[in-house]
Amino acid sequence: MEPAAADAEDKTGAGPLTSPLTGTLASPLVERVYRRLLNDIEQGVFPVGRRLPGENELATRFFVSRPIVRDALQLLRDGGIVFSRRGSGTYVHKVPEKETPVQGPAFAPVETIADIQRCYEFRLTIEPDHAYWAAKRWNEERLTAVETALHQMQAATQAHQHREDADFSFHTAIAAASNNHYYVTAMLALRDHVGVGMKFHGLALKAPGDGLEHVFREHSSIYQAIRDRDAERARSLMRLHLEGSRDRVFGGQMIDLKA
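Residues numbered from 1 in each chain as written. Predicted model: local features only at pLDDT ≥ 70, side-chain atom pairs only at ≥ 80, totals over all residues. Heavy atoms only, no water.

Each helix and strand counted, the protein has 11 helices and 2 strands in total. Traced from its N-terminal end to its C-terminal end, the protein shows the element sequence α-α-α-α-β-β-α-α-α-α-α-α-α. Looking at the protein residue by residue over its 259 residues, the buried ones come to 45%. Carbon and sulfur atoms make up 51% of the accessible area of the protein, which totals about 13,400 Å². (Helix = DSSP H or I, 4+ residues; strand = E, 2+ residues; numbered from the N terminus. Buried < 20%, exposed > 50% of the residue type's maximum accessible area, 1.4 Å probe, protein only. Areas by Shrake-Rupley, 256 points an atom, 1.4 Å probe, with all protein chains shown as cover.)

For the protein, per-residue confidence averages 84 on the pLDDT scale, and residues scoring 70 or more make up 86% of the total. A low-confidence stretch, residues 1-15 (pLDDT under 50), is modelled with 25 contacts involving residues beyond four sequence positions or located in other chains. Ignoring residues within four places in sequence, the model shows residues 19-24, a span with pLDDT below 50, making 13 contacts including any to other chains. (pLDDT = per-residue confidence, 0-100. Contact = heavy atoms within 4.5 Å.)

If you look at the biggest cluster of nonpolar residues, it comprises 38 residues, and the most contacted ones within it are Phe170, Ile174, Ile222 and Ile226. Every element with two or more residues in this core is listed here: α5 (113-137), α6 (140-158), α7 (164-177), α8 (181-189), α9 (191-204), α10 (211-227) and α11 (231-250). If you tally residues by element for this core, the top one is α7, at 8 residues. Not counting chain neighbours up to four residues away, the residues in contact with Ile222 comprise Phe170, Ile174, Leu237, Met238 and His241. With 22 residues, the next largest nonpolar core counts Val30, Val33, Val69 and Val92 among its residues. (Core = buried A, V, L, I, M, F, W, Y, C linked by side-chain atoms within 4.5 Å.)

Following the criterion strictly, the structure yields 3 aromatic pairs and no others. When the ring centre of Trp138 is taken as origin, the NZ or CZ atom of Arg229, which lies over that ring, is 3.8 Å away. Directly above the aromatic system of Tyr132 lies the positively charged group of Arg235, at a separation of 4.0 Å from the ring centroid. (Phe/Tyr/Trp six-rings, centres within 6.5 Å; stacked < 30°, edge-to-face > 60°. Lys NZ or Arg CZ within 6 Å of the ring centre and 35° of its normal.)

A separate point is the pairing of strand β1 (residues 82-85). Sheet topology note: the β1/strand β2 (residues 89-92) ladder contains 4 bridges and is antiparallel. Its bridge partner lying in β2, Phe83 is registered against Tyr91. Hairpin remark: β1 followed by β2, antiparallel, with 3 residues in the connecting loop; positive phi at Gly87, about 75 degrees. (Pairing = 2+ DSSP bridges.)

Time to look at a nonpolar patch on the surface. Together, Ile113, Phe200, Leu203 and Ile255 give the surface a local cluster of nonpolar side chains, amounting to about 340 Å² of exposed area. Locating Leu203 in the fold gives a position in helix α9. Of the residues examined, Leu203 reaches a relative accessible area of 56% and is grouped as exposed. (Patch = residues over 30% accessible without salt bridge, like charges linked within 9 Å, V, L, I, M, F, W, Y side chains within 5 Å. Salt bridge = Lys/Arg side-chain N within 4 Å of Asp/Glu carboxyl O.)

The structure is reproduced here in structure tokens:
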């Protein structure tokens, strides 16, 4: 059964979006998930006729709650972009005629080793506070996401591997647990930049010694402080972890970034 026709231009344009659940302006998180899914459909990641991932998977992918995903999917249904089959899921109905760019900040790509150092500097200004507020505000769903990423890192460590994806998921899940969408948006915009630093960090951890186990213990300690709602300790441990990661990448020798 095809979905009813809707005013796609209003729903897929770059203007403000109205939440179908509240009737008010859609929250930044709803809009971000909506535009990311819309972009994936436009780029052919989810072609016409393809079933979208379930709400739980999308919530994990975008580090948001299921109600946020549900609201974003309803916006796509209202625009005639997707439709639902009872008991089966949500399917792509059509590709929107007007291309919509993904909203959000964009950082210049990493081009030099100095850029990796700059990325660490920036992370040090925000991620300790992610951990602080996560300890203050986590709920069970958000804490479980942090714990899940930690378990993935533990499995990789036991296999003598470093998983950049699990590492990034851990840090972004902490941002989500802070219940501050600005932190989440910044981390997602930094995905590629952080990934470069994590790849170099992973190489550094392959040196003889217990580097992988040590780094896992750092992550585990951060998680425990957040779980125990010890905000100051969580902030301090995150700072020490990022400084240690940076020092391992650069061998303790910082680049002079004077202009």
